[in-house]
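Here's the letter readout for the chains.
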Amino acid sequence: MPLDPPRPAETRAAAPAAQRRSVEAPPTAPRPEAPRKPQRERSEGYYDTKSQVFSALIDTIDLSQLAKLDQESAREEIRDIVNDIIAIKNFAMSIAEQEELLEDICNDVLGYGPLEPLLARDDIADIMVNGSKNVYIEVNGKVEQTGVRFRDNQQLLNICQRIVSQVGRRVDESSPICDARLPDGSRVNVIAPPLAIDGAALTIRKFKKDKLTLDQLVKFGAISPEGAEVLKIIGRVRCNVIISGGTGSGKTTLLNCLTNYVDREERVITCEDSAELQLQQPHVVRLETRPPNLEGEGEVTMRDLVKNCLRMRPERIIVGEVRGPEVFDLLQAMNTGHDGSMGTIHSNSPRECLNRIESMIAMGGYTLPQKTVREIIVGSIDVIIQAARLRDGSRRITHVTEVIGMEGDVIITQDLILYNIKGEDQNGRLLGQHVSTGVGRPGFWDRARYYGEEQRLANALEAMERQAE
């Protein structure tokens, strides 16, 4: 992992050779998971002490040798030196404060600084850093402020650069917007000054360490057990699926869950802006777009990746997020023998999803008649699954909708499953129920029969109808 470059105040002359420590590199070992600690507000005196200790550490330690160590050994080396510095400078600190200081400095040098305790927590969905002094997190659908802060805006920017450099990208004044990912697949967005007025803005969409399944979504109430059975069949029988929803509604999570029901023998190719899908298949090829370099050359767009997929013998193509003209290439792939392809799109309802697809095709400069575009959409997409984040912070699948055909120039859809909100409890949590619309034979019935799943599908739909009665 690249080291945080020292601040200008820290680039002083090296200490005499007698004071400088040199360490040898043992074999690498995995870094243990950091324990969760409560975050509390720290005083200015704490940060002054930390700054002095950090400066003395940079003057004392041999960074080139430290870079050769594994995480465990490097942390032990840093802890030893910091303890010596605290003793020599005679800082008045309690044992608890000293432990906090040791952990903070190790995180600053080797990890992601103040973000490390937050990244170690599995209950956090989003981390939002608005400059060096304001850090917010989302827990259980609610946003709350934390006591975490950075030393200054330069430390925050250094950590942003460390994150994006791990995936071969950069963020600076000439390229102030960047999408990247953490080693665990968590999605990262950075927007740096001068575009961000109050210091760099960092947003991390965290993924749980354990991959979610549809059965777990049932426990969370995102879908009913019968609805989950229908979704499993949709994934199994190679329906072409678009997952629609707003920001933070759980589109990517749902896409990951659906892929669990793809046959293990199928070759799946994914295309993403920053690789975040955690597919649960053995035969997966993951592709990622590339931004232009300093000279403005070498860019590889989503459309380039989707086109190239067609030459890689895919059985299914999955596009992490469709947001431009590449939707046309995805529809063409769905329409030419790559059944079971999937993608996600930002929209508020299944009908609006279809309108957005039309708009994105027009953005690509295609001069096709409107009716032709709609015929392509109808011939390509089988099912639209709508995910939503409700006002109480819960995430629900609100529609499972089929694209049936056309009447005149209008695309005809029919809802299979709807989520009806009935009210809220005393704690403000919304109460609702997934209900069947009474469709006994959906449009993909023949597909289900081809795969031997028609009886399961009929049973699931009948069970939902009985519940509605």
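Given the structure is predicted, the values throughout are model-derived calculations rather than measurements.

Reading guide: rules and limits
- Residues numbered from 1 in each chain as written.
- Predicted model: local features only at pLDDT ≥ 70, side-chain atom pairs only at ≥ 80, totals over all residues.
- Heavy atoms only, no water.
- Disulfide = S-S within 2.5 Å.
- pLDDT = per-residue confidence, 0-100.
- Contact = heavy atoms within 4.5 Å.
- Core = buried A, V, L, I, M, F, W, Y, C linked by side-chain atoms within 4.5 Å.
- Buried < 20%, exposed > 50% of the residue type's maximum accessible area, 1.4 Å probe, protein only.
- Helix = DSSP H or I, 4+ residues; strand = E, 2+ residues; numbered from the N terminus.
- Pairing = 2+ DSSP bridges.
- Expected span 1.5 Å × (residues − 1).
- Polar contact = N/O pair within 3.5 Å; in protein donor to acceptor, adjacent residues only side chain to side chain.
- Axes fitted to C-alpha atoms, helices over the stretch in contact; angles between N-to-C directions.
- Parallel < 35°, antiparallel > 145°, perpendicular 65-115°, else oblique.
- Left-handed = near helix turned anticlockwise from the far one by under 90°.
- Nonpolar A, V, L, I, M, F, W, Y, C, P; charged D, E, K, R; others polar.

## Digging into the state of the cysteines
Covalently bonding the sulfur atom of one cysteine to the sulfur atom of another cysteine gives a disulfide.
Move 1: On inspection of all chains with the given rule, the structure shows zero disulfides.
Move 2: There is no disulfide at Cys160, and the cysteine sulfur nearest it, in Cys178, is 9.5 Å away.
Move 3: Counting only cysteine sulfurs, Cys271 is the nearest neighbor of Cys309, a cysteine outside any disulfide, at a range of 3.2 Å.

## Notes on the confidence of the model for the protein
Move 1: The share of residues in the protein with pLDDT of 70 or more is 89%, and the mean pLDDT across the chain is 81.
Move 2: With pLDDT under 50 throughout, residues 1-38 is counted as low confidence; its partners more than four residues away or in other chains account for 74 contacts.

## Overview of the nonpolar core
It is characteristic of soluble globular proteins that their nonpolar side chains tend to be buried jointly.
Move 1: Counting residues in each nonpolar core, the largest one holds 40 residues, and the members touching the most others are Leu231, Ile234, Val241 and Ile385.
Move 2: Beyond its immediate sequence surroundings of up to four residues, Val241 is in contact with Ile234, Leu258, Met334, Ser341, Met342, Gly343, Val383 and Ile385.
Move 3: Among the nonpolar cores identified, the runner-up in size contains 33 residues, and Leu287, Met302, Leu330 and Ile345 belong to it.

## Brief notes about the pairing of strand 9 (residues 284-288)
Move 1: Taking every second residue as pointing to the same face, the buried face of strand 9 carries Val285 and Leu287, while none of Val284, Arg286 and Glu288 on the other face is buried.
Move 2: Relative to strand 9, strand 8 (residues 268-272) runs parallel, the two being bridged by five bridges. By the bridge assignment for strand 9, Thr270 is matched with Arg286.

## Concerning helix 6 (residues 153-165)
An α-helical turn contains 3.6 residues, so a residue and the one three or four places further along point in the same direction.
Move 1: Its 13 residues place the ends of helix 6 18 Å apart at the C-alpha level, agreeing with the 18 Å of an ideal helix rising 1.5 Å per residue.
Move 2: Buried within helix 6 are the following residues: Gln155, Leu156, Leu157, Asn158, Ile159, Cys160, Arg162, Ile163 and Val164.
Move 3: With a side-chain oxygen positioned 3.2 Å from the backbone nitrogen of Gln154, the residue opening helix 6 is Asp152.

## Re helix 11 (residues 326-334)
Move 1: For helix 11, the buried fraction is high: eight of the nine residues fall into the buried class.
Move 2: When helix 11 is considered as a whole, its buried residues turn out to be Glu326, Val327, Phe328, Asp329, Leu330, Leu331, Ala333 and Met334.
Move 3: For helix 11, the elements touching its buried residues are strand 7 (241-245), helix 10 (302-309), strand 10 (316-319), strand 11 (342-346), helix 12 (350-363) and helix 13 (370-380).

## With respect to the packing of helix 11 against helix 13
Move 1: Viewed as axis vectors pointing N to C, helix 11 and helix 13 meet at an angle of 50 degrees, and their least axial separation amounts to 8 Å. Considering their axes alone, helix 11 and helix 13 lie oblique with respect to each other. Handedness of the helix 11/helix 13 crossing: left-handed. Each of Phe328, Leu331, Gln332 and Met334 in helix 11 lies in contact with helix 13, whose residues at this interface are Ile376, Ile377 and Ser380.
Move 2: Each residue belonging to the contact of helix 11 with helix 13 can be placed in one class, and the counts come to five nonpolar, two polar and no charged.

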